[in-house]
Amino acid sequence: MINSNTIIQDSYFLEVKELRKKLHKIPEIAFKELKTAEFIKNYLTEIGIKFHSNVATTGIIADIKGLLNTSKEIIILRADMDGLPIIEETGLKFKSHTKNMHACGHDGHMAILLATAKFLSLNSNLFAGTVRLVFQPAEEEIGGAKIMINEKPDLFKDISFVFGFHIWNQIQTGKIAINPSGVFVSADTFQIEIIGKGGHGAMPHKNIDPIYIASNLINSAQSIVSRKADPSDLSVISFGMINGGTAANITPEKVIIKGTIRADSSENRETLISELENLSKSLPKNYGAKGNFSLISGTGPVINNLSFSQYVSKLTSNLFGEESAITVKPVSVADDMSEFMQIAPSVYALLGGRKDGAEMHHNSKFDFDENCLDYGIKLMINLVLEKLS
């Protein structure tokens, strides 16, 4: 049943904006979110919520128990914590006090979850089961989510649902994108090492040139996308770094190549990784060299559960009007929310927050319309009260 529209006092809408401003001033990069974690812990302590801290270095997990009945259902609400190593140029009165910046909306994500937590802790008689708050470090580094799960596996068992927001300033405020399937793509960073035989650049016939081999490998890798992957799937293999050699007249012993793989499904991701690994080993071997392939980091695609997404979409329409729930094309960025989404039926919603004059994510002039935070806490609170009723 989806019919509630719980009355949320104006004080929460004011507080969520103040929380965002305070968090915006203290951005910290992955696994170094010490002040941010301290802020969250202090706030949770003030509102009487106990927590597990130092999960994946700086992460925090907290439970709010509903008093309505003895339901065993658990819903995870997740927010990411880290900022980016960008010097802010927004001119905001509450701009960053550090050389880092919240240039991806994580300050807003944390503010929504904290304000939601306060409401739920003061109104625990309105729901059953457990709301598990997950404040995750190191989303930008693609690693915090998996470490949290590995360090506290018992807290990620028997989960009923997982939900989270990503503020998206390319969507109008008041609109919330709830895709029935794909939202973001997978992201894997790879390294290829090609080991040849160094020597004098004037006598290439006596050497095994890893630079020449690397250039052929880079060209050949594009055939994986054009000939191995399904043309209807999003598939990207990009090379971003190549390092080898010390002088113009010396053939180096080895070359290191690094790049990224993006895919819109787990199956497609596995195909691209497998094919590139095979090529990285077989092609150098044809030239008498050796190739080593390794994944440095990676996370799967963000794919919403169909049934749960339909539920959230209907709730959104009931709360904010029929045209408020929308869908968008999957975006070719990544987010390790995908790790949590493997645990239970999940939805990652894009919260519209367009602001005139603001640049897009990961830009020194990024910003969003803070009124979107009101929509965030209203949907998150009502989702809990509906799902855990």
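An account of the accompanying structure is given in this report.

Conventions and cut-offs
Residues numbered from 1 in each chain as written. Predicted model: local features only at pLDDT ≥ 70, side-chain atom pairs only at ≥ 80, totals over all residues. Heavy atoms only, no water. Helix = DSSP H or I, 4+ residues; strand = E, 2+ residues; numbered from the N terminus. Rg over C-alpha atoms; globule rule 2.2 N^0.38 Å. Buried < 20%, exposed > 50% of the residue type's maximum accessible area, 1.4 Å probe, protein only. Contact = heavy atoms within 4.5 Å. Areas by Shrake-Rupley, 256 points an atom, 1.4 Å probe, with all protein chains shown as cover. Lys, Arg positive; Asp, Glu negative; His and termini not counted. Charge placed at Lys NZ, Arg CZ, Asp CG, Glu CD. Pairing = 2+ DSSP bridges. Phe/Tyr/Trp six-rings, centres within 6.5 Å; stacked < 30°, edge-to-face > 60°. Lys NZ or Arg CZ within 6 Å of the ring centre and 35° of its normal. Expected span 1.5 Å × (residues − 1). Polar contact = N/O pair within 3.5 Å; in protein donor to acceptor, adjacent residues only side chain to side chain. Axes fitted to C-alpha atoms, helices over the stretch in contact; angles between N-to-C directions.

Here we come to the overall build of the chain. Helix and strand content of the chain: 9 helices and 16 strands. Relative to the compact-globule value of 21 Å for 389 residues, the chain shows a C-alpha radius of gyration of 24 Å, a close match. Counting only C-alpha atoms, the chain reaches 80 × 40 × 40 Å along its principal axes. A buried classification covers 54% of the 389 residues belonging to the chain. Residue pairs at least 24 apart in sequence account for 81% of intrachain contacts in the chain once pairs closer than 6 positions are excluded. Accessible area for the chain stands at about 17,200 Å²; split by element, carbon and sulfur atoms hold 50% of it. Of the charged side chains in the chain, 39 are positive and 43 negative, and the gap between their average positions amounts to 3 Å.

What follows concerns the pairing of strand E1 (residues 51–55). Inspection of the sheet shows E1 paired to strand E2 (residues 59–65) by 3 bridges, in the antiparallel sense. Looking at E2, one finds that Phe51 is bridged to Ala62.

Now for the packing of aromatic side chains. Applying the stated rule across the entire model yields 11 aromatic pairs. Judged by centre distance (6.0 Å) and plane angle (90°), the ring pair of Phe184 and Tyr348 falls under edge-to-face. A residue pair is termed long-range when its members are at least 10 positions apart, and Phe184 in strand E7 (residues 182–184) and Tyr348 in strand E16 (residues 346–352) qualify at 164 residues. Among the residues examined, Phe184 registers a relative accessible area of 3% and is labelled buried. The exposure class assigned to Tyr348 is buried, which follows from its relative accessible area of 0%. Here the aromatic residues Trp168, Phe184 and Tyr348 are joined through ring pairs into a cluster of three or more. Residue placement shows Arg20 over the ring face of Phe368; its charged tip is 4.1 Å from the ring centre. Here Lys387 stacks its cationic end above the ring of Tyr311, 4.1 Å away from the centre of that ring.

Let us look at helix H7 (residues 306–320). Here H7 contains 15 residues, and its C-alpha end-to-end distance of 21 Å stays within 8% of the 21 Å for a straight helix at 1.5 Å per residue. Taken as a whole, H7 has its buried residues at Phe308, Ser309, Tyr311, Val312, Leu315, Thr316, Ser317 and Leu319. Those residues of H7 that are buried lie in contact with strand E5 (161–168), strand E6 (176–177), strand E15 (325–326), E16 and helix H9 (372–387). For H7, the N-terminal cap is Asn305; the gap from its side-chain oxygen to the backbone nitrogen of Ser307 is 3.2 Å. Where H7 ends, the next residue or the one after it, Gly321, has phi of about 110°, a positive value.

With 15 residues, helix H1 (residues 10–24) extends 22 Å between its outermost C-alpha atoms, agreeing within 8% with the 21 Å of an ideal straight helix rising 1.5 Å per residue. Tucked into the core, H1 has its buried residues touching helix H2 (34–46), helix H3 (106–122) and H9.

This part is about the pairing of strand E8 (residues 186–195). In terms of burial, E8 is a largely internal element, 7 of the 10 residues being buried. Relative to strand E12 (residues 254–263), E8 runs antiparallel, the two being bridged by 10 bridges. If you follow Glu193 over to E12, its bridge partner there is Ile256. Relative to strand E13 (residues 290–299), E8 runs antiparallel, the two being bridged by 9 bridges. Following the sheet pairing, Ile192 is matched in E13 by Phe293.

Where the residue is not glycine, phi is negative for most of them; where a peptide bond is considered, it is trans in most cases. Positive phi outside glycine occurs at Phe31, with the angle close to 65°. Secondary-structure assignment places Phe31 in the loop between H1 and H2. By relative accessible area, Phe31 is classed as partly exposed at 28%.

Attention now moves to the sheet that holds strand E10 (residues 235–243). Read across the open sheet, the 4 strands follow the order E10-E12-E8-E13; overall the sheet is antiparallel. The outermost strands of the open sheet, each flanked by one partner alone, are E10 and E13. Between one strand and the next, the sheet's axes are offset by a mean angle of 20°, whatever the strand orientation. Where helix H6 (residues 266–286) meets the sheet, it contacts E8, E10, E12 and E13, and its direction lies at approximately 160° from that of E13.

Ordered by their spatial adjacency, 8 strands build an open sheet running E1-E2-E4-E3-E5-E16-E6-E15, and the pairing between neighbours is mixed. Each end of this open sheet is capped by a strand with a single partner; those strands are E1 and E15. Direction of pairing for strand E3 (residues 74–80) relative to E5: parallel, over a ladder of 4 bridges. By the bridge assignment, Ile75 is partnered in E5 with Phe161. The strands touched by helix H4 (residues 144–151) are E1, E2 and strand E4 (130–136); relative to E4, the strand with the most contacts, the crossing angle is about 130°.

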